[in-house]
Amino acid sequence: MSNENQLSLFDTSTTSQSASSFDLIPTDAKVPIPPGTYETIKQIADHCNRCHRCDLGNNRTHAVIGRGNIQAPIMIVGEAPGQNEDETGLPFVGKSGQLLEKILASVNLSTETDIYISNMVRCRPPNNRPPTTPEIEACKPYLLEQIRMVDPKIILFTGATAVKGLTADKRAISKIRGSWIEWEGRLCMPIFHPSYLLRNPSREAGSPKWLMWQDMQTVRAKLDEIQG
Ligand code: SF4
């Protein structure tokens, strides 16, 4: 190859003129995704559906970005997509999602207006295992961009994986659920994951379902207070 041809390999003027920065997919987890990289959720979805920052990208049908109102005052962060979510590209659409919708409706909250839902990782882990720490770290910049865009007044962490993944707090969810914590200047509350409630259906006082009901009433009251 001539020197001139070799040099032309370093010439990015053609691509930079014809392609926006959003065409440059950060497929390696070492490539940083600084705040402000994305302007829309659709841009994030576009990258995630072609992303291989971790191995979860190898088997996905759809990357699962989020659903609900992107201007919602409350954001819910779960763990990872399951089979239904992988198939539809939407978070919390299986049995856990149906229960979550019922729980939200019980305190007059809805994904149409008040809630935006996402997960710690955007691609389904095999056999529904929890995502690993490297997978969570690889996917976290996408979540942080979503949180920046939605700019919620309240964030609910559903389950220990979300709490640990964002705040590094490793305490059991049963110990910290229902308490307000501050993370990155935001008001947050850990709550039970709906799948845990499906495995513990009792509604007796003190049961996980009963505690969830208390927590959601606390969240509703706080939102009313914030919104005046
Ligand atoms: S889980 Fe996240 S980081 Fe991993 S491949 Fe999917 S979108 Fe990329």
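Residues numbered from 1 in each chain as written. Predicted model: local features only at pLDDT ≥ 70, side-chain atom pairs only at ≥ 80, totals over all residues. Heavy atoms only, no water.

An unreviewed UniProt entry annotates the protein chain as Type-4 uracil-DNA glycosylase of Crinalium epipsammum PCC 9333. Under the heading Catalytic activity (unreviewed entry), UniProt records this for the protein chain: "Hydrolyzes single-stranded DNA or mismatched double-stranded DNA and polynucleotides, releasing free uracil." (UniProt positions renumbered as here; feature names shortened; annotations may be inferred.)

Caption draft 1: Fine view of the overall build of the protein chain. When helices and strands are tallied, the protein chain shows 10 helices and six strands. Residue pairs at least 24 apart in sequence account for 71% of intrachain contacts in the protein chain once pairs closer than 6 positions are excluded. Accessible surface, the protein chain as shown: approximately 12100 Å² in total, 50% of it carbon and sulfur. (Helix = DSSP H or I, 4+ residues; strand = E, 2+ residues; numbered from the N terminus. Contact = heavy atoms within 4.5 Å. Areas by Shrake-Rupley, 256 points an atom, 1.4 Å probe, with all protein chains shown as cover.)

Caption draft 2: Up close: the packing of aromatic side chains. Counted by the stated rule, this structure contains three aromatic pairs. Between Tyr-38 and Tyr-142 the ring centres are 6.3 Å apart and the planes differ by 40°, which places this aromatic pair in the tilted class. One end of the pair, Tyr-38, is in the loop between α2 (13–18) and α3 (41–48); the other, Tyr-142, is in helix α6 (residues 133–150), with 104 residues separating them in the sequence. Residue classification places Tyr-142 among the buried residues on the basis of a relative accessible area of 1%. (Phe/Tyr/Trp six-rings, centres within 6.5 Å; stacked < 30°, edge-to-face > 60°. Buried < 20%, exposed > 50% of the residue type's maximum accessible area, 1.4 Å probe, protein only.)

Caption draft 3: Quick look at the nonpolar core. Residues Val-77, Leu-156, Phe-157 and Met-216 are the most contacted members of the largest nonpolar core, which totals 56 residues. With seven residues, α6 is the largest single contributor of residues to this core. Not counting the four nearest positions on each side in its chain, Val-77 is found in contact with Ser-118, Asn-119, Met-120, Leu-143, Ile-155, Leu-156, Phe-157, Thr-158, Ala-162 and Leu-166. (Core = buried A, V, L, I, M, F, W, Y, C linked by side-chain atoms within 4.5 Å.)

Caption draft 4: A look at the packing of α6 against helix α7 (residues 160–167). Relative to each other, α6 and α7 sit at 85°, their axes nearing to 11 Å. Taken together, α6 and α7 sit at an angle that is classed as roughly perpendicular. Residues Ile-136, Glu-137, Lys-140, Leu-143 and Leu-144 of α6 form the contact with α7, whose own contacting residues are Thr-161, Gly-165 and Leu-166. Classifying every residue of the contact of α6 with α7 gives four nonpolar, two polar and two charged. (Axes fitted to C-alpha atoms, helices over the stretch in contact; angles between N-to-C directions. Parallel < 35°, antiparallel > 145°, perpendicular 65-115°, else oblique. Nonpolar A, V, L, I, M, F, W, Y, C, P; charged D, E, K, R; others polar.)

Caption draft 5: Region of interest: the layout of surface pockets. Space inside the largest pocket adds up to approximately 360 Å³. Lining of the largest pocket is provided by 19 residues; of these, Ala-80, Pro-81, Gly-82, Glu-85 and Ser-96 occupy positions nearest its centre. Elements that contribute at least two residues to the lining of the largest pocket include exactly α4 (83–88), α5 (95–106) and α9 (194–199). In terms of residue class, the lining of the largest pocket is built from five nonpolar, 10 polar and four charged. The calculated volume of the second largest pocket comes to roughly 270 Å³. Mapped onto the lining of the second largest pocket, the elements with two or more residues apiece are α5 and α10 (208–227). Here the lining of the second largest pocket takes five residues from α10, the largest share from any one element. (1 Å grid on protein atoms, 1.4 Å probe; cavity = no way out; pocket = protein on both sides within 12 Å on 5 of 7 lines; lining within 4 Å. Points joined across faces, edges and corners; volume = space filled by probe spheres on them.)

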